[in-house]
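# Architecture at a glance
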Amino acid sequence: MSEIETLKSIAREAGAIVREGYRSRKEVRHKGVVDLVTQYDVATEEFLLGALKHSFPEHTLVGEESYEGDYELERAIYIDPIDGTTNFIHAIPHLAVSLGLWEEGAPVMAVVYNPILDELFWARRGEGAWLGDQRLRVAPDRELQNSLVATGFPYAKVERGPEYRWVVDAFAALLPQIQDIRRLGAAAIDLAYLAQGRFGAFYEIDLKPWDVAAGILLVQEAGGTVSDLEGRPYRFGDRGIVAGTPEIHRQLLDALPQYTE
């Protein structure tokens, strides 16, 4: 079995745990005021760590619920066992198992699997982005005004600090210039839908590597562009991420406000 097929198979097995939990009673703990975790996040990650360690022994496994250390590594798999935990808790079917394999600072393989809708997005560098056996391309839209844009909110919003103010300012700046905004609550799904052409663009601040490591490759392999808030190549730890079709990406960068502390 090829490495990408192995990664897809592991994601599907993890998805079975998520699907069981989706229909079951959940024990919810707070990592922060609105940052939640359930026993199924932990169980899914434990399964993934074991399966990936066996199949990819040379890669550092960076899991949301367990990893402590540097994010920029020579070989790593960035793991979000349930991207969209709040949706999972409330039985909203926008969530995913997200696996992004990176080497030498660049994405190599990606799997984003929604086990509730049974949608498996995947990509391998240089070989395109796919939903099952359907090749994906970003939307043909060229105008921001005609674009459906996805975003999310940082956990720090509860403190009403600079992150909160930037989100509000971004809404005020963008709403007159776009078709509309969607906030689905799972960055991996947002990026997968961008790669599929459902969204024209995506932006968000304060994301972690496991939120975007897989989705970045999906967008790039589908013909899209990914950067930080200034238009530079996105790196883990950057304040924000902006992605879109090449034309809309440039317009979105111009429309977003500057982030200031």
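Scroll up to find the structure.
Residues numbered from 1 in each chain as written. Predicted model: local features only at pLDDT ≥ 70, side-chain atom pairs only at ≥ 80, totals over all residues. Heavy atoms only, no water.

### Regarding the overall build of the chain
Let me state the cut-off plainly: The helix and strand labels rest on DSSP assignments: H or I over at least four residues marks a helix, E over at least two residues marks a strand, and numbering proceeds from the N terminus. All radius of gyration figures rest on C-alpha atoms, and the globule criterion is 2.2 Å times the number of residues raised to 0.38. Under the scheme applied here, a residue whose accessible area is under 20% of the maximum for its type counts as buried, over 50% as exposed, and between as partly exposed, the area being computed with a 1.4 Å probe on protein chains only. By definition in these notes, contact holds between two residues if any of their heavy atoms fall within 4.5 Å. For the purpose of charge, His is not counted, nor are the chain termini; Lys and Arg are scored as positive and Asp and Glu as negative. The atom standing in for a charge is NZ when the residue is Lys, CZ when it is Arg, CG when it is Asp and CD when it is Glu.
The helix and strand tally for the chain stands at seven helices and 14 strands. The C-alpha radius of gyration of the chain comes to 17 Å, within 12% of the 18 Å expected for a compact globule of 261 residues. Reported as C-alpha extents along the three principal axes, the dimensions of the chain are approximately 50 × 40 × 35 Å. Every one of the 261 residues in the chain was classed for burial, and the buried ones make up 54%. A separation threshold of at least 6 residues defines the contact pool for the chain, and within that pool the share at least 24 residues apart is 63%. Between the mean site of the 26 positive side-chain charges and the mean site of the 41 negative ones, the chain shows a separation of 3 Å.

### Notes on the packing of aromatic side chains
Here is the rule: In this scheme Phe, Tyr and Trp rings, the latter by its six-membered ring, pair at centre separations within 6.5 Å, and the angle between planes marks the pair as stacked below 30 degrees, edge-to-face above 60, and tilted otherwise. Note on geometry: a ring has a charge over it if NZ (lysine) or CZ (arginine) is within 6 Å of the ring centre and within 35 degrees of the ring normal.
Evaluation of the coordinates by the stated rule reveals 13 aromatic pairs. With 6.5 Å between their ring centres and 45° between their planes, Tyr-22 and Phe-88 make a pair best called tilted. Separated by 66 residues along the polypeptide, Tyr-22 in helix H1 (residues 3-22) and Phe-88 in helix H3 (residues 85-89) bring together distant segments of the chain. Here the two residues Tyr-22 and Phe-88 agree in accessibility, since each one is buried. Through a chain of ring-to-ring contacts, three or more aromatic side chains come together here, namely Tyr-22, Tyr-40 and Phe-88. Directly above the ring of Phe-88 sits Lys-26, whose terminal nitrogen or CZ lies 5.0 Å from the centroid.

### Brief notes about the side chain of Thr-44
Within the secondary structure, Thr-44 is located in helix H2 (residues 39-55). In this structure Thr-44 comes out as buried when scored by relative accessible area, which is 0%. Other than its neighbours up to four places away in sequence, Thr-44 contacts Ala-14, Ile-17, Val-18 and Pro-81.

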